[in-house]
Amino acid sequence: VGMKSTSYLKYVQRANSVPTSPILPRPASPAMRGPTSSHIGTTLSTLTLIGLATWLVPILAFYGYLGTSIKSLFLLDNSVASAVGNLSMVTLGILIAQYAPSKSRAMYMSVTASFMNLALLAGDLISKKANSLYVVTRTDFSQLGNLMLVIFIINSIFSFIGIYLLRFTEKK
């Protein structure tokens, strides 16, 4: 009887354990061990704000609100934007690995990777359409400011709609 209860205790401890991460805090109670909108929503909101801030700097520079060269800012913006993109994918991967049920983590990872791919493809399609509406050539930059503002607004709207839908579906 003592042996059975010890092995049962170990089984319960293993079932309730969640892999820890240096980035994300360990959930406080077993009731919070599932994917909660507060953790995922907060992470997505933070990444969205960082991403939108990287868009805001070149827009301000284009309209002359920053006293620096536009070429140096675009170089800095491209390097920061790619790092933010990689950081967001790694962070979302950690969230999935931490909160997905242990028997279906691979499925959660593959579904999330598919949705990330879908989002990247949608972004490419929106960029192509915006580039066809606001034509920017090597000699004519008159539409560049409008193009950057439209992309900034579209990114903001889609990002915050996604975060709102995540929080709305979690509350049901």
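Predicted model only: the values in this text are computed from it and were never measured.

Looking now at the overall build of the protein. Check the secondary structure of the protein and you find five helices and zero strands. Listing the helices and strands of the protein from first to last along the sequence gives α-α-α-α-α. The buried share of the protein, taken over its 172 residues, is 25%. Long-range contacts, defined as pairs at least 24 residues apart, comprise 64% of the intrachain contacts of the protein with a sequence gap of at least 6. Of the roughly 11900 Å² of accessible surface on the protein, 69% is carried by carbon and sulfur atoms.

The next subject is the packing of aromatic side chains. Using the criterion set out here, one finds one aromatic pair in the structure. Between Phe62 and Tyr63 the ring centres are 5.3 Å apart and the planes differ by 85°, which places this aromatic pair in the edge-to-face class. Judged by relative accessible area, Phe62 falls into the partly exposed class, the value being 27%.

Locating Leu49 in the fold gives a position in helix H2 (residues 37-62). Residue classification places Leu49 among the exposed positions, given a relative accessible area of 52%. In sequence terms Leu49 and Ser159 are 110 residues apart; their C-alpha atoms lie 9.4 Å from each other.

Before going further, it helps to examine the nonpolar core. Membership of the largest hydrophobic core is limited to eight residues, which are Leu52, Ile59, Ala130, Leu144, Leu147, Met148, Ile151 and Phe152. The set of elements that each furnish at least two residues to this core consists of H2 and helix H5 (144-171). By residue number, the principal contributor to this core is H5, which donates five residues. With residues near it in sequence (within four places) discarded, Phe152 still touches Leu52, Trp55, Leu56 and Ile59. Listed in part, the five residues of the second largest apolar core include Leu92, Leu95, Tyr99 and Met116.

Here the focus is the confidence of the model for the protein. Across the protein, the average pLDDT comes to 74, with 74% of residues at 70 or higher. Mean pLDDT per element in the protein: helix H1 (residues 2-16) is the minimum at 51, and helix H4 (residues 105-133) is the maximum at 86. In the model, residues 20-25 has pLDDT below 50 throughout and makes eleven contacts with residues more than four positions away in sequence or in other chains. Segment residues 28-33 is flagged for pLDDT under 50; beyond a separation of four residues in sequence, or across chains, it makes eight contacts in the model.

Parameters at a glance
Residues numbered from 1 in each chain as written. Predicted model: local features only at pLDDT ≥ 70, side-chain atom pairs only at ≥ 80, totals over all residues. Heavy atoms only, no water. Helix = DSSP H or I, 4+ residues; strand = E, 2+ residues; numbered from the N terminus. Buried < 20%, exposed > 50% of the residue type's maximum accessible area, 1.4 Å probe, protein only. Contact = heavy atoms within 4.5 Å. Areas by Shrake-Rupley, 256 points an atom, 1.4 Å probe, with all protein chains shown as cover. Phe/Tyr/Trp six-rings, centres within 6.5 Å; stacked < 30°, edge-to-face > 60°. Core = buried A, V, L, I, M, F, W, Y, C linked by side-chain atoms within 4.5 Å. pLDDT = per-residue confidence, 0-100.

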